[in-house]
Each structure stands twice: as structure tokens, then as C-alpha cells.
Amino acid sequence: MPKIDLQNVGIRLAAIREASGLSSGDFARTVDIDPSSYSKIELGKKSLNADMGFRVAERWGVSMDFLYRGSLNGLPENILNSLRQIENTNRR
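Everything quoted here is computed from the prediction, not taken from an experiment.

## Description of the overall build of the protein chain
The number of helices and strands found in the protein chain is 6 helices and 0 strands. Counted from the first residue to the last, the protein chain has its helices and strands arranged as α-α-α-α-α-α. Its C-alpha atoms give the protein chain a radius of gyration of 12 Å, within 12% of the compact-globule value 12 Å for 92 residues. Per-residue burial over the protein chain gives 38% buried out of 92 residues. Sequence separation of 24 or more characterises 52% of the internal contacts of the protein chain that already satisfy a separation of 6 or more. Only carbon and sulfur atoms are counted for the fraction: they give 48% of the accessible area of the protein chain, which is about 5,600 Å². Of the charged side chains in the protein chain, 13 are positive and 11 negative; the average position of the first set lies 5 Å away from that of the second.

Below is the structure:
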């Protein structure tokens, strides 16, 4: 069974957060996640549990498939653009 890539989950969360224009603490509070836990999740040091993932998906209009597997189907344009910017920054 394939493992979830925590680093990539964190990158996708960062893309959503950056597209929202919020700090990590403010973003975490919009989905009822402890800000210190959220920081670890975004850095890929802690897993995003299903309950948290569902809250992010519902609040920010993304799919669970995007969060955990990276599927871009139906992704809002602002989040897609943010994801592209992060990927370009990481390539440098």
C-alpha cells in the first residue's frame, strides 16, 4: 500500500494558504487546527488526518484527492496558480 507523501501534502496546503493570503496561524484557525500542529503538517513533519483534511477541503473548495494525492481536477484557479509559484520557487 503506497504511503502518503507528507512533504507534498504540506506543499499543497501551503498553496491553498498562500492563495488565501493568510498567515499559517490564521489559516489553521479557519479549519480549527492548532496553529503549531498546522505548521508541522505544512512542513511535512506531521500527517494531516482525515478529519483535518475534510475541514480544509470543505472550507477551501478543494478535494481530498488533491490534498492527499495531488489531483488537479476541479482545483480553483487561484490555488492552482499558487501551487505553480511554489513549484517554481522549489526548482530554483
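Moving on from the model shown.
## Topic: the nonpolar core
One finds Ile-16, Leu-48, Val-56, Val-62 and Leu-67 to be the most contacted residues of the largest nonpolar core, which totals 25 residues. The leading source of residues in this core is helix α1 (residues 6-20), at 5 residues. Aside from chain neighbours lying at most four places away, what touches Val-56 is Leu-13, Ile-16, Phe-27, Val-31, Ile-33, Gly-61, Val-62 and Leu-67.

## Section: the packing of α1 against helix α3 (residues 35-42)
Contact geometry for α1 and α3: axes closest at 7 Å, N-to-C directions at 120 degrees. Residues Leu-6, Gly-10, Ile-11, Leu-13, Ala-14 and Arg-17 of α1 form the contact with α3, whose participating residues are Tyr-38, Ile-41 and Glu-42. In terms of residue class, the contact of α1 with α3 is built from 6 nonpolar, 1 polar and 2 charged.

## What to know about the side chain of Arg-12
Structurally, Arg-12 can be placed in helix α1. There is no salt bridge for the buried Arg-12, and the closest opposite charge comes from Asp-5, which lies 6.8 Å off by N-O distance. Of note is the side chain of Arg-12, whose polar atom sits 3.3 Å from the backbone oxygen of Tyr-68. Those residues in contact with Arg-12 that sit more than four places away from it in its chain are Phe-66, Leu-67, Tyr-68, Arg-69, Gly-70 and Leu-83.

## Describing α1
Taking 1.5 Å per residue, 15 residues should reach 21 Å; α1 reaches 21 Å between its end C-alpha atoms and fits that length. Taken together, the buried positions of α1 are Val-9, Gly-10, Arg-12, Leu-13, Ala-14, Ala-15, Ile-16 and Arg-17. Buried residues along α1 sit against α2 (24-30), α3, α4 (50-60), α5 (64-69) and α6 (77-91). Just downstream of α1 lies Gly-21, where phi reads positive at about 75 degrees.

Rules used in this analysis
- Residues numbered from 1 in each chain as written.
- Predicted model: local features only at pLDDT ≥ 70, side-chain atom pairs only at ≥ 80, totals over all residues.
- Heavy atoms only, no water.
- Helix = DSSP H or I, 4+ residues; strand = E, 2+ residues; numbered from the N terminus.
- Rg over C-alpha atoms; globule rule 2.2 N^0.38 Å.
- Buried < 20%, exposed > 50% of the residue type's maximum accessible area, 1.4 Å probe, protein only.
- Contact = heavy atoms within 4.5 Å.
- Areas by Shrake-Rupley, 256 points an atom, 1.4 Å probe, with all protein chains shown as cover.
- Lys, Arg positive; Asp, Glu negative; His and termini not counted.
- Charge placed at Lys NZ, Arg CZ, Asp CG, Glu CD.
- Core = buried A, V, L, I, M, F, W, Y, C linked by side-chain atoms within 4.5 Å.
- Axes fitted to C-alpha atoms, helices over the stretch in contact; angles between N-to-C directions.
- Nonpolar A, V, L, I, M, F, W, Y, C, P; charged D, E, K, R; others polar.
- Salt bridge = Lys/Arg side-chain N within 4 Å of Asp/Glu carboxyl O.
- Polar contact = N/O pair within 3.5 Å; in protein donor to acceptor, adjacent residues only side chain to side chain.
- Expected span 1.5 Å × (residues − 1).

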